[in-house]
Amino acid sequence: MDRALVSAASNTGTMAWFARHEARIAWRDWFSMMTAGQRWRTRNVVIGLALFAVFMHFLANSMVGKHAKVGPDNHDALVIISGAALLSWCLVLSQAMESVTRAFYARSDLDLILSSPVASRVVFAVRLAAVACSVGLMSVLIASPFINILVLRGGARWIAAYGVVLALGVAAAAIAIAITVALFRMFGPRRTRLLAQIVAAVIGASFVIGLQIAAILSYGTLSRLYLFETGALSDGLPSIDSPLWLPARAMLGDPFALSVVVAACLLAIGFSIAIFSRRFGDHAMAAAGASQAPASRRTQSFYRFRQMSPSRVLRRKEWTLLLRDPWLMSQSLMQVLYLLPPALLLWLSHREGSGALIVLVPVLVMVSGQLAGGLAWLAISGEDAPELVATAPVTPRRVVRAKVEAVLGCIAIVFAPFLAALLPFSAFHALVAGVGILAAATSATFIQLWFRAQAKRSHFRRRQTSSRLATFAEAFSSISWAGTAALAANETWLAVFAGLTAIGVLAGARWLAPR
Amino acid sequence: MTPALPALEIRGLVKRFDRPAVDQLDLTVRAGEFYSLLGPNGAGKTTTLRMVAGLMQPDAGAISVFGIDARRDPVEAKRILAWVSDEPMIYDKLTPYEYLEFVAGLWGIDARGAETRARDLIALLGLGPHAHERCEGFSRGMRQKVALAGALVHDPRLIILDEPLTGLDAASARQVKDVLRERVTAGGTVIMTTHILEVAERMADRIGVIARGKLIAEGTLQELHELSEKTNGRDADKARSLEDTFLALIAERAQAA
């Protein structure tokens, strides 16, 4: 018998064997996500990533370059570094919770693995370690432009920041595992998925929003780092020798702090895997059972059909499906959470009579474009019964119009209160915001229409992978309309040029869209 | 007396992908009959029926549904036909009643009549106990039955089904077959593709065999047996099942190609 085969067979079922399997699957998933399943796109993806990396380094230079020379004895510097790290860490923790939830509920190979004679503890120990590694590596990847700039401008001591970022990513995974298992035990398999995803999104958004609200209340600005940069927090925070600053000190190259942070994070993930990998198999099986269990929810025992036009039933169907899917609802409305700080700014402006409307109008326009893009994807690409709709005696134009109306209806419901609040304060700014919201939402909807590709609604979070062109077009369109609205709110004629740019982006998207 | 219009008339239908999927196909299905379309995988059955349902544009040819030119006036043709695919496409977050109301609204039919028909269909297909539950937890069989109820709720004159019995248990398959048979008895026309030859043998009034995008044989079960015996020179007693006849016809076609 072939020696290699004998060797491979004798190693099967070990942690190393599973780790190799997980790494191969993870790599192929990532590669497929980046190239949208088309191998010929590899070169384009590499060029795109290289350009993105260059852009990120320039951006990082403008953001952190001035802080590169700070020393570990500077209290304000420790506050800024810790604040920025905490902000990023919240997002990493949010992402880690998503990954852990996916590991619970992924059905593709769990049936095969759990029915094999391999101990589920081994399988899930590897799977949880894989989640920790992927979260840690993702953190390093995102932080690398900033660290590289700090190393270039501040010296080799900043290399230690790589270790800290990796360790904090791993710690985020450890905490995410603990939170998800706790949710599972408290709420059961059926509710945990939704709850975990909502908690993840709220963790990701709440710290950023909280900082913005604090900055608005104190200084009337939307800047997230303003509180850290002004040094206003320094007086109320622990002194320079507090263990709270260990991660920041470690980033600045303090070997003792680095050892403590890395050791603590590795211990956290080690404990987490050791404690939870045994139970993970049971939980995963319970999760699989939950997804198969018949729905017992009843809506009403007596149902009367209503006479409706095809357009009306299509609009009603879109709204019903959205309202009945709490996960999609939370994912869509999470973007609306970011409107809380501008809403507060509006309220303060109204009270104090300041001129913050110029900041508020483009934020409203930007968010409307993003929200409309997501809703349009659900209505157009996320249609669950495309053949039913296509075989109905309704023209495609009428179907599209009804779906666009459904999206714009949602936008109207979300943004009408803001416009109503703006109106008594400044009719002109309310008009600019209204027109901008309509333009951004309509543009995003049409971009989704031109680039539509049939997909499952549950793939909402990964919708960007089906067409990067559509994603960029949607983002540029929203930014252009927000810029136009900002200039118009400033009452400058430059708004015309910005508006033409937005129309140009839209025309470019139409030209590039598949026919 | 004028002859009744055929339910479906296809002339010179062509669809090419990287090779011809449907190649100058002529097919006529009479009103009020149960027509079964058979063929090996990739023969062009589904492509043909998708073009009839308006889900795909033909490259050439004519499609007429009860005298309506389906290429020139697709909306009018769609008004009197229904399509059911092998993969039931329903909305997880709607109940069967809400789904049927949605379909009735899409077809623009009277709500009161649709409601009565929906109640009958729900009872007939054994969906009563689940009629007010959301479809998200339904088994494949239940989903297929909801999809079938959706196809029938607007009372189509022609119903086209692509492998509707795939993955159904015996009881569900029986319910679907009973509903289709009743439909034909009431004057409706059914066109169905299937790989389960026993179903075609028992249910179809006429059977069409398609291979490489062309109709290679057509007729009643008896006519197909006779054709197979004539072309293959077999003893009539040795090729009595549709399976034997079907395989013989396909083999002969492969040899000729």
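Residues numbered from 1 in each chain as written. Chains lettered and ligands numbered in written order. Predicted model: local features only at pLDDT ≥ 70, side-chain atom pairs only at ≥ 80, totals over all residues. Heavy atoms only, no water.

A. Seen up close, the packing of aromatic side chains. Residue and element names in this part refer to chain B. What the rule picks out here adds up to six aromatic pairs over all chains. Each member of the aromatic cluster is reached from another via a ring pair, and the members are Tyr91, Tyr99 and Phe102. Above the ring of Phe66, the side-chain terminus of Arg157 is found at 3.9 Å from the ring centroid. (Phe/Tyr/Trp six-rings, centres within 6.5 Å; stacked < 30°, edge-to-face > 60°. Lys NZ or Arg CZ within 6 Å of the ring centre and 35° of its normal.)

B. A look at the interface of chain A and chain B. Each partner contributes to the interface: chain A provides 39 residues, whereas chain B provides 37 residues. Interface of chain A and chain B: buried area, both sides summed, is about 3,700 Å²; carbon and sulfur atoms make up 59% of it. The interface formed by chain A and chain B holds four salt bridges in total. For the side of chain A that touches chain B, the secondary-structure elements that each account for two or more residues are helix H11 (310-323) and helix H15 (386-390) of chain A. No other element matches H11(A), which puts seven residues into the side of chain A that touches chain B. Residues that form the side of chain A that touches chain B fall into these classes: 19 nonpolar, nine polar and eleven charged. (Contact = heavy atoms within 4.5 Å. Buried area = accessible area lost by both parts, 1.4 Å probe. Salt bridge = Lys/Arg side-chain N within 4 Å of Asp/Glu carboxyl O. Helix = DSSP H or I, 4+ residues; strand = E, 2+ residues; numbered from the N terminus. Nonpolar A, V, L, I, M, F, W, Y, C, P; charged D, E, K, R; others polar.)

C. Representation of the nonpolar core within the structure. Residues Tyr91(B), Leu106(B), Leu148(B), Ile159(B) and Leu180(B) are the most contacted members of the largest nonpolar core, which totals 72 residues. When residues no more than four places from it in sequence are discounted, the contact partners of Ile159(B) are Ala82(B), Val84(B), Leu148(B), Ala151(B), Leu152(B), Thr189(B), Val190(B) and Ile191(B). Membership of the second largest hydrophobic core comes to 59 residues, among which are Ile81(A), Met97(A), Ala172(A) and Phe276(A). (Core = buried A, V, L, I, M, F, W, Y, C linked by side-chain atoms within 4.5 Å. Buried < 20%, exposed > 50% of the residue type's maximum accessible area, 1.4 Å probe, protein only.)

D. Spotlight on the pairing of strand E6 (residues 81-84) of chain B. All names here are of chain B. Side-chain alternation along E6 places Leu81 and Trp83 on one buried face and Ala82 and Val84 on a second face that is also buried. The sheet contact formed by E6 and strand E7 (residues 158-162) spans four bridges and is parallel. In the strand pairing of E7, Leu81 is matched with Leu158. (Pairing = 2+ DSSP bridges.)

E. The arrangement of the side chain of Arg249(A) in detail. Residues and elements named next belong to chain A. Note that Arg249 resides in helix H9 (residues 246-251). The buried charged residue Arg249 lacks any salt bridge, with Asp254 as its nearest oppositely charged partner at 4.3 Å. Setting aside anything within four residues of it in sequence, one finds Arg249 in contact with Pro72, Leu78, Ile240, Asp241, Asp254 and Ala257. (Lys, Arg positive; Asp, Glu negative; His and termini not counted.)

F. Summary view of the packing of helix H2 (residues 15-35) of chain A against helix H6 (residues 120-154) of chain A. Residues and elements named next belong to chain A. Direction vectors running N to C along H2 and H6 enclose 45°, while the axes themselves pass 9 Å from each other. The orientation of H2 with respect to H6, classified from their angle, is oblique. Judged by the sense of rotation from one axis to the other, the crossing of H2 with H6 is right-handed. Contacts between H2 and H6 involve Met15, Phe18, Ala19 and Glu22 from the former and Val122, Val123, Ala125, Val126 and Arg127 from the latter. A class-by-class count of the residues in the contact of H2 with H6 yields seven nonpolar, no polar and two charged. (Axes fitted to C-alpha atoms, helices over the stretch in contact; angles between N-to-C directions. Parallel < 35°, antiparallel > 145°, perpendicular 65-115°, else oblique. Left-handed = near helix turned anticlockwise from the far one by under 90°.)

G. Layout of helix H3 (residues 42-64) of chain A. Residues and elements named next belong to chain A. Spanning 23 residues, H3 covers 32 Å between terminal C-alpha atoms, matching the ideal 33 Å at 1.5 Å per step. Among all positions of H3, only Val45, Met56, Ala60 and Val64 are buried. Of the surrounding secondary structure, the elements contacted by the buried residues of H3 are H2 and H6. (Expected span 1.5 Å × (residues − 1).)

H. Representation of the sheet that holds strand E1 (residues 8-16) of chain B within the structure. Residues and elements named next belong to chain B. Strand order in the open sheet made by the four strands is E2-E1-E4-E5, with antiparallel pairing throughout. Of all strands in the sheet, those bounded by a partner on one side alone are strand E2 (20-29) and strand E5 (68-69). Of the pairings in the sheet, the one linking E1 to strand E4 (residues 60-65) comprises five bridges and is antiparallel in character. Within the sheet, the bridge partner assigned to Ile10 lies in E4 and is Ile63.

I. Here's a closer look at the sheet that holds strand E9 (residues 206-211) of chain B. All names here are of chain B. Taking strand neighbours across the sheet as the criterion, the six strands line up as E6-E7-E8-E3-E9-E10 in an open arrangement whose pairing is mixed. Bordering the open sheet on either side are E6 and strand E10 (214-219), each of which pairs with just one other strand. With direction set aside, neighbouring strand axes in the sheet form an average angle of 15°. Two elements, strand E3 (residues 34-38) and E9, share four bridges in a ladder whose sense is parallel.

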